[in-house]
Amino acid sequence: MSRVGRDLRVTGVVQGVGFRPYVHRLATGLRLSGRVGNDVAGVFIEIEGTHENVAEFLAALPRDAPPLARIERVEVTACTTRGAGGFEIVTSRGDGTRDALVPADFATCADCLRELFDPSDRRHRYPFVNCTHCGPRFTIVRDVPYDRMRTTMAGFPMCTACRAEYTDPSDRRFHAEPTCCPACGPRLALGDSADPLGDAVARLADGQVLAIKGLGGFHLAALAAHPTAASVLRSRKRRADKPFAVMVTDLRQAAALCEVDETGERELTGHRRPIVLLPRRPHAGVAAAVAPATGELGLMLPYTPLHHLLLRDLGEPIVLTSGNLSDEPIAYRDADRLIDVADAVLTHDRPIHVRTDDSVVRGGTVLRRARGHAPEPIGLPLRCPEPVLACGAELKNTFCLARDSQAFLSPHIGDLTDHETHTSFTEGIAHFQRLFGITPRVVAHDLHPDYLSTRYAAGLDGVELVAVQHHHAHIASCLADNGETGPVIGVAFDGTGFGPDGTVWGGEFLVADLAGYVRAGHLRPVPMPGGDAAVRQPWRMAAAYLPDVDLPVAQRNAARWAPVVAMARNAVNAPLTSSAGRLFDAAAALLDVRDEITYEGQAAIELEQRADPSTSDGYPAAVDDLVLCGEDLLRALVADRRAGVDLAVIAARFHNGLADAVVACCARLREDTGLNAVALSGGVFQNSLLSRRISDGLHRNGFRVLTHRRVPANDGGISLGQAAIAARLTTAVPA
Amino acid sequence: LAHGAGGKATQTLVEAVFLEAFRNPVLEPLDDAAALEIGLSRVAVTTDSFVVTPLFFPGGDIGHLAVNGTVNDLAVSGARPLYLTAGFILEEGFPVADLMRIVTSMREAADAAGVHVVTGDTKVVQRGKGDGCYVNTSGIGVVEHAWRLGAHHVRPGDAVIVSGPIGDHGITIMLARGDLGIESDLESDTAPLHDLVAALLEVAPGVRMMRDATRGGVATVLNELARAAEVSVVLEEDAIPVRPEVRGAAELLGIDPLYVACEGRFVAVVEEAQAGQAVEALRAHPLGAQAAVIGRVGEAPAGLVLLKTAFGGTRICDVLVGDPLPRIC
Ligand SMILES: [Fe+3]
Ligand SMILES: [Mg+2]
Ligand SMILES: [Zn+2]
Ligand SMILES: [Zn+2]
C-alpha cells in the first residue's frame, strides 16, 4: 500500500482551544504518523499514511474541530514520506510572523460544570475550574504566544496533579493555559470572611448590594426580585433609568421572566454568553427598578464557575450590572471605586489584564460587542495593502486594527471623554498592536474635528491619515459585516455625525461603496437648539420642529420654550441637523413619553416600547427631491393626539410613516441608480419596530436588504467601516 | 477659514502662518505680550483687535473691551500698562453718535486703568464691508517686577487659581445677540486687571504664570498651558466659581462656562505654598471677591486638562476646534 505525506499549516483561533490534542486523536485514529505543534503563526501538522486515511484526515480536520476553534485557513503541501512511526505533539516553536490568534473568553463548558458539582471531583465547588474548551482567555492574556507565562495566571505555579493533566495529550486540560485547582489556583475573598461564597450568597439573599469580580471586570449584583435592593443599587450607582441586566440560573428561570424563542435560547446558552434582550412577561418577577419603562429585559446565564455557584446556591435571579459609577468604565483592577456602592466585595486574586464588558445581543444581532467576541477577527471583503488602524467614534467607541483580510475589532470601549475610558482606548490600541503584530501605516478617523479619537489619530507620526465621514463609515460597516463592497443604497440613521457641509447629519440616504459616497437624500434639516443639550433634552427638538405647538410639552417647559425657539430661529448655538434620532426625540416629547433623557437613545427606546405593533397604517411624509419631511409626520402625530387617539396607535403610525417614507426614498433611488441592494446602518436601526417595517417594505419591493449581525449598527461598528474604507482607498486601482 | 472662537483652528492658523513668516526669539513663545529690552528698560508691548456683536451690551461696549483687553494682556505679563494706541475701522454710514459713545467709554476705561491713548488711526470701509466698527489697540508697559512669569515656570503641584466667576462676558454677549427674550441682570465682566494683578504679585512672589481668560475661556487657557509646560491640569468642577445666572443661561444655551470668554478674569498658577495667601489677596480686592483655587497642576497625563465632575468621574476637557458641535451620536 503506497503512503503519502502532507505538511499542513492551520491559521485562525487554533491555540488554547484544544486543537493539538484534537489533531492527535484524529491522526492516531486514522493510524497516521507525524507530529503537530504550535508556533506564532498557528498550528503546523505533518502527517503520513495511506492515501485514503490522509484524505479522510484532511476532510475531517475542519469539520470536527473543537467547539472554540475557528479555522481561518489550512494550507496543504505534499512532502516526502519518512516511513511509519507514531504521532506526537511537539513543543512550541517561537519563530515566524504573528498569525496565531488569541481566543475570546468563553463560558464554562458542560464537562467543567459536571466537575464543579460532583462531590467526588477534586475541583468540586472550585470557582475557577476551566479547561481547553472554556474559561478566561483574552481578558488574562498579557502577550503572545499564548501560554501560561504570558497570562495573569503566571503567578500560580501548577500543582503536580494539574501539571499531569496539562502535559497529557489525551487529557481535556492538555495545555489548558489557565488550568488550576483548589491546591494551586486563585482563591475567593470577601473581606476576611472564612466562607466568602456563603457570605456573599447570604448578603445577596438579605437584599445587599455586592461587587463581584468577573471575567472582564467587577459587576454589581443585587437580588432582582427584592423590593428595594435594585433601587438602592440605582441610587448608589447614580444610574437613573437605564435598564439593568439580570442573570438567571437556567433557561427555566429565563422563560419565567421573558418570552424566549429559539434564537434567544441559542444566544442565552451559547459559549459567548452575552446579555440577551428579550420581551419581558407582563408580571415578570423582578422589582420595578430593574428595568423601568421598557418592555424588554436583558438576561444572561452564568458564564463563570463562580456565577454558577452563586446562582445555584441563591436559587433566584440577580441584577448583574457593570461595576462602575454612571459614565465611568467598568472597574477591573480593584474595587476601590465601588466601596461606596457595594455593601461588600466578592473578589479573587486572578488579575484581569484587559477590561471587557458583557456583550449585548438581540434577535441574532450584536448590539454591544465585547466579552466572548473580542478579539476574534472579522473577515474583510477586501485585502488591506497596508496595515490599518481605525480609531472609531466618540461615544460607544471601538477601535479596529486590520491587516491582510482580517479586522480585529476591539471590545466596546465607551465614552472617550471620560479620562479612564480614554486610557483604555490608547492602552488597548497598544495591546492589540502587540498581540497581533500589527504596526499601522494607515490610520482612519472620523471627520469630526473634536472627537478625541480624531485627536488621537492626528497626534500619530509617520502614518497616512484617512478622514472618513461618519455615515459613510456606518454604511461601510454594514457592507463589511455582510462581506460586501457595494455599491449600495445606504440608509444611515443615527443621532448625530459631522457632515462635511458643516451641518449635523443623521438621517442620510447615501449611494455608497467602500471608495466613496454621494449624499443622495436626507431628512429635512432643523435647528438643534443648544447642540448636545438638545440630545439630553428631547423637548428642545419638539420646540425646534413645531415652535407653535399647543400641547402639554410646551406647557411643561414653558419657562424655557420661548428662548429655545428663539435660539433655533436666530441660530444661536443651534446647528442644523438632519438627524433621524432627533426626529424620534421630538415625537417622544410631543407624546409626553420623555422630556429629558438619562441614557443614550432613551426617548426613542421608550417610544418604541409604547408602540402597538398590530397597527399597520402610517402617517404620510413628503419625500420631494429625496428630502424626507419629518415635520409632516409630527404634524399628523399632533393631529391624532388632539383627536384623542390612543398613544400606542400614534407611536406605531409614526414608526410606520417614517419606515414607508424610507422605502419610498429607496425606490426612487433605485430608479435613479439601478441599485437594488439597501444597507441599513446607524443606531436608529436598533429600533426593531422601525427596522422590521423598513426591511419588510424593501423586501416586498424586491430589494436585497443588508443589516448588521456581527457588529453593532450603532457607533460601536464605526471603526470597522473606517477600516474597510481605508483599506479600499489605499488599494491602487489599475487604470 | 473657520472663524476663530479662540479654539484649535485659530491656534493652528497662528502657528502655521504667522509664526512661520515672522519667526524670531521674541515672537516665538507666542505670549500675550512681547518683552523687549530697550536700553536699560524692560518694556512689554502687545496688540489686539476687537470685533464684537453687538457693539453695546450690558456692562460695557467695544470701547471698554479695546482698552481693558490690551491693559490686561500687559498686566498678566507682569507689566505696568502706560500708553495705548487706538485704530478704528468704520463702516461707511456708521452713526457719529455711536462712535462718540465708544470713544467716551474708551476715555473712561483709560482713565480707570491709568493709561493714555497717545496715537491713533481711522479708516472708513464701504457700507456692508464691516460690522459698523472695529477697534485695534496696542499697548506699551514697563516691566517693573523681577519675577519671571511664563508657562515654562509651572511645576507639578502648583495651584491653579481663577480671579473670579467665569463666563459673565461671553454669556452676556450671547444673550444680547440672540434676541432670546431672556430676562437677566447679567453684565459683562470687562474690567482692567492691572491693580488686581499688582495686589496678587505683592503677596505671592510664587506666581508662575498668569493669563487673562478671553476667547475660548478658562479651558482654552489651561489647555495651552498644559501643552506648553507638558503638564496636566486637574480641575475640581465644584470649585469653579460660576454665577447661578451664568450657569442657568449657559445650561439653556447648551454651552460649558469653561469655554466662555471673560474680559475681566485671569487664571494664575501659583506655587502651592502661597495659594492661600494669593486667594486672600485677590479676594480683598473688589474685582477678585470670588477668586478661588480651582485645581492643581500634575505630571501626567501631560498636555491634558481633566475635570473631576461632581459625580466623581474625570472628563477630558479638550480645546474645541471651532464652535462646539454635537458629539453625542
Ligand atoms: Fe453614528
Ligand atoms: Mg489679547
Ligand atoms: Zn471546560
Ligand atoms: Zn492544581
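Residues numbered from 1 in each chain as written. Chains lettered and ligands numbered in written order. Predicted model: local features only at pLDDT ≥ 70, side-chain atom pairs only at ≥ 80, totals over all residues. Heavy atoms only, no water.

Considerations on the overall build of chain A
Here is step 1: Helices and strands together make up the secondary structure of chain A, namely 22 helices and 27 strands.
Here is step 2: Computed over C-alpha atoms, the radius of gyration of chain A comes to 27 Å, within 12% of the 27 Å expected from 2.2 N^0.38 for 735 residues, which places it in the range of a compact globule.
Here is step 3: Reported as C-alpha extents along the three principal axes, the dimensions of chain A are approximately 85 × 70 × 50 Å.
Here is step 4: Burial status across chain A gives 62% buried among its 735 residues.
Here is step 5: Sequence separation of at least 24 residues holds for 72% of the intrachain contacts in chain A that already meet a minimum separation of 6. (Helix = DSSP H or I, 4+ residues; strand = E, 2+ residues; numbered from the N terminus. Rg over C-alpha atoms; globule rule 2.2 N^0.38 Å. Buried < 20%, exposed > 50% of the residue type's maximum accessible area, 1.4 Å probe, protein only. Contact = heavy atoms within 4.5 Å.)

Considering the domain arrangement of chain A
All names here are of chain A.
Here is step 1: Partitioning chain A into domains gives domain 1 (3-89), domain 2 (102-185), domain 3 (188-357), domain 4 (375-482 + 717-723) and domain 5 (492-708).
Here is step 2: Opposite the 13 residues of domain 1 that make contact, domain 2 presents eleven residues.
Here is step 3: Summed over the shared surface of domain 1 and domain 2, the result is zero salt bridges.
Here is step 4: Along the contact surface separating domain 1 from domain 2 lie one residue pair in polar contact (both at pLDDT 80 or more).
Here is step 5: Tallying contributions element by element places helix α1 (residues 19-29) first for the side of domain 1 that touches domain 2, with three residues.
Here is step 6: Looking at the side of domain 1 that touches domain 2 residue by residue, the classes come out as eight nonpolar, four polar and one charged. (Domains from an automatic or database assignment. Salt bridge = Lys/Arg side-chain N within 4 Å of Asp/Glu carboxyl O. Polar contact = N/O pair within 3.5 Å; in protein donor to acceptor, adjacent residues only side chain to side chain. Nonpolar A, V, L, I, M, F, W, Y, C, P; charged D, E, K, R; others polar.)

Concerning the coordination of the magnesium ion (ligand 2)
Residue and element names in this part refer to chain B.
Here is step 1: Coordination of the magnesium ion (ligand 2) by the protein involves D48 (OD) and D73 (OD), with metal-donor separations of 2.2 to 2.3 Å. With D48 in strand β2 (residues 41-50) and D73 in helix α2 (residues 62-76), the pair connects residues that are 25 residues apart, well separated along the chain.
Here is step 2: For D48, a relative accessible area of 26% puts it in the partly exposed group.
Here is step 3: Its relative accessible area of 6% is what places D73 among the buried residues. (Donors = N, O, S within 2.8 Å, 3.2 Å for Na, K, Ca; no water.)

Details of the interface of chain A and chain B
Here is step 1: Taken together, the contacts link 45 residues of chain A with 31 residues of chain B.
Here is step 2: Together, the buried faces of chain A and chain B total about 3,100 Å²; carbon and sulfur atoms form 58% of this surface.
Here is step 3: It is H419(A), D450(A) and R455(A) in chain A that bury the most area against chain B; as a group they hold 19% of the surface buried on that side.
Here is step 4: Where chain A meets chain B, there are two salt bridges.
Here is step 5: Salt-bridge contacts for R560(A) lead to E251(B); the nearest nitrogen and oxygen are separated by 3.3 Å. (Buried area = accessible area lost by both parts, 1.4 Å probe.)

Let's talk about the sheet that holds strand β5 (residues 79-91) of chain B
Residues and elements named next belong to chain B.
Here is step 1: The five strands are arranged β1-β2-β7-β5-β6 in an open sheet whose pairing can be described as mixed. The two strands at the open ends of the sheet, each matched to only one other strand, are β1 (34-38) and β6 (116-125). Mean inter-strand twist for the sheet, computed between neighbouring axes without regard to direction, equals 20°.
Here is step 2: Inspection of the sheet shows β5 paired to strand β7 (residues 133-143) by eleven bridges, in the antiparallel sense. Bridging from a neighbouring strand, Y83 pairs with I140 of β7.
Here is step 3: Relative to the sheet, helix α3 (residues 96-113) contacts β5 and β7, its axis offset from that of β5 by approximately 175°. (Pairing = 2+ DSSP bridges. Axes fitted to C-alpha atoms, helices over the stretch in contact; angles between N-to-C directions.)

Side note on the environment of V234(B)
All names here are of chain B.
Here is step 1: For V234, the location among the structural elements is in strand β10 (residues 232-236).
Here is step 2: When its relative accessible area of 22% is taken as the criterion, V234 is described as partly exposed.
Here is step 3: Residues V234 and D158, 76 residues apart in the sequence, show an inter-C-alpha distance of 11 Å.
Here is step 4: V234 has contacts with I294, G295, R296, L306 and K308, leaving out every residue within four places of it along the chain.

Details of the coordination of the zinc ion (ligand 3)
All names here are of chain A.
Here is step 1: For the zinc ion (ligand 3), every protein donor is listed as C109 (SG), C112 (SG), C131 (SG) and C134 (SG), and the spread of their distances is 2.3 Å.
Here is step 2: For the zinc ion (ligand 3), the four donor atoms are set out with angles of 102 to 122° between them, so the coordination reads as tetrahedral.
Here is step 3: If you list the donors of the zinc ion (ligand 3) from N- to C-terminus, the spacing comes out as C-x2-C-x18-C-x2-C.
Here is step 4: Owing to a relative accessible area of 12%, C109 belongs among the buried residues under this scheme. (Tetrahedral: all angles 85-135°; square planar, octahedral: opposite > 155°, others 65-115°.)

What about the pattern of salt bridges?
All names here are of chain A.
Here is step 1: The full count for this structure, using the stated rule, is 56 salt bridges over all chains.
Here is step 2: The partner of E420 in a salt bridge is R355, with the nearest N and O atoms 2.7 Å apart. Taken together, the positions of E420 in helix α10 (residues 419-436) and R355 in the loop between β13 (344-348) and β14 (360-362) put the pair 65 residues apart, joining distant regions of the chain.
Here is step 3: Overall, the relative accessible area of 11% leaves R355 in the buried class.

Concerning the sheet that holds strand β13 (residues 305-308) of chain B
Residues and elements named next belong to chain B.
Here is step 1: Strands sit in the order β9-β11-β8-β12-β10-β13-β14 across an open sheet of seven strands; the sheet is mixed. Two strands bound the open sheet, and with one partner strand each, they are β9 (207-212) and β14 (314-316). The sheet shows a mean angle of 25° between the axes of neighbouring strands, direction not considered.
Here is step 2: Pairing of β10 with strand β12 (residues 292-298), which is carried by four bridges, proceeds in the antiparallel orientation.

Some remarks on the domain arrangement of chain B
Residue and element names in this part refer to chain B.
Here is step 1: The domain architecture assigned to chain B consists of domain 1 (31-143) and domain 2 (151-316).
Here is step 2: Each of domain 1 and domain 2 has a C-alpha centre, and these two points are 23 Å apart.
Here is step 3: Contacts between the two partners involve 21 residues from domain 1 and, on the opposite side, 21 residues from domain 2.
Here is step 4: For the pair domain 1 and domain 2, the two sides together bury roughly 1,700 Å², of which 62% comes from carbon and sulfur.
Here is step 5: Per-residue buried area on domain 1 facing domain 2 is highest for P58, N72 and V76; these three make up 29% of the total on that side.
Here is step 6: Our enumeration of links across domain 1 and domain 2 arrives at seven residue pairs in polar contact (both at pLDDT 80 or more).
Here is step 7: Where the side of domain 1 that touches domain 2 is concerned, the elements lending two or more residues are α2 and α3.
Here is step 8: Looking at which element gives the most residues to the side of domain 1 that touches domain 2, the answer is α2, with nine residues.

Topic: the environment of G214(A)
Residue and element names in this part refer to chain A.
Here is step 1: Looking at the element boundaries, G214 is found in the loop between β7 (210-213) and β8 (218-223).
Here is step 2: On a C-alpha basis, the gap between G214 and P440 in space is 32 Å, while along the polypeptide they are 226 residues apart.
Here is step 3: Leaving out residues up to four positions away in the same chain, G214 has contacts with H348 and I352.

Re a negative patch on the surface
Residues and elements named next belong to chain A.
Here is step 1: Taken together, the side chains of E259, D261, E262 and E265 define an acidic patch exposed on the protein surface.
Here is step 2: Within the secondary structure layout, E259 lies in the loop between α7 (251-257) and α8 (262-269).
Here is step 3: On the basis of relative accessible area, E259 is assigned to the partly exposed category, the value being 41%. (Patch = residues over 30% accessible without salt bridge, like charges linked within 9 Å, V, L, I, M, F, W, Y side chains within 5 Å. Areas by Shrake-Rupley, 256 points an atom, 1.4 Å probe, with all protein chains shown as cover. Lys, Arg positive; Asp, Glu negative; His and termini not counted. Charge placed at Lys NZ, Arg CZ, Asp CG, Glu CD.)

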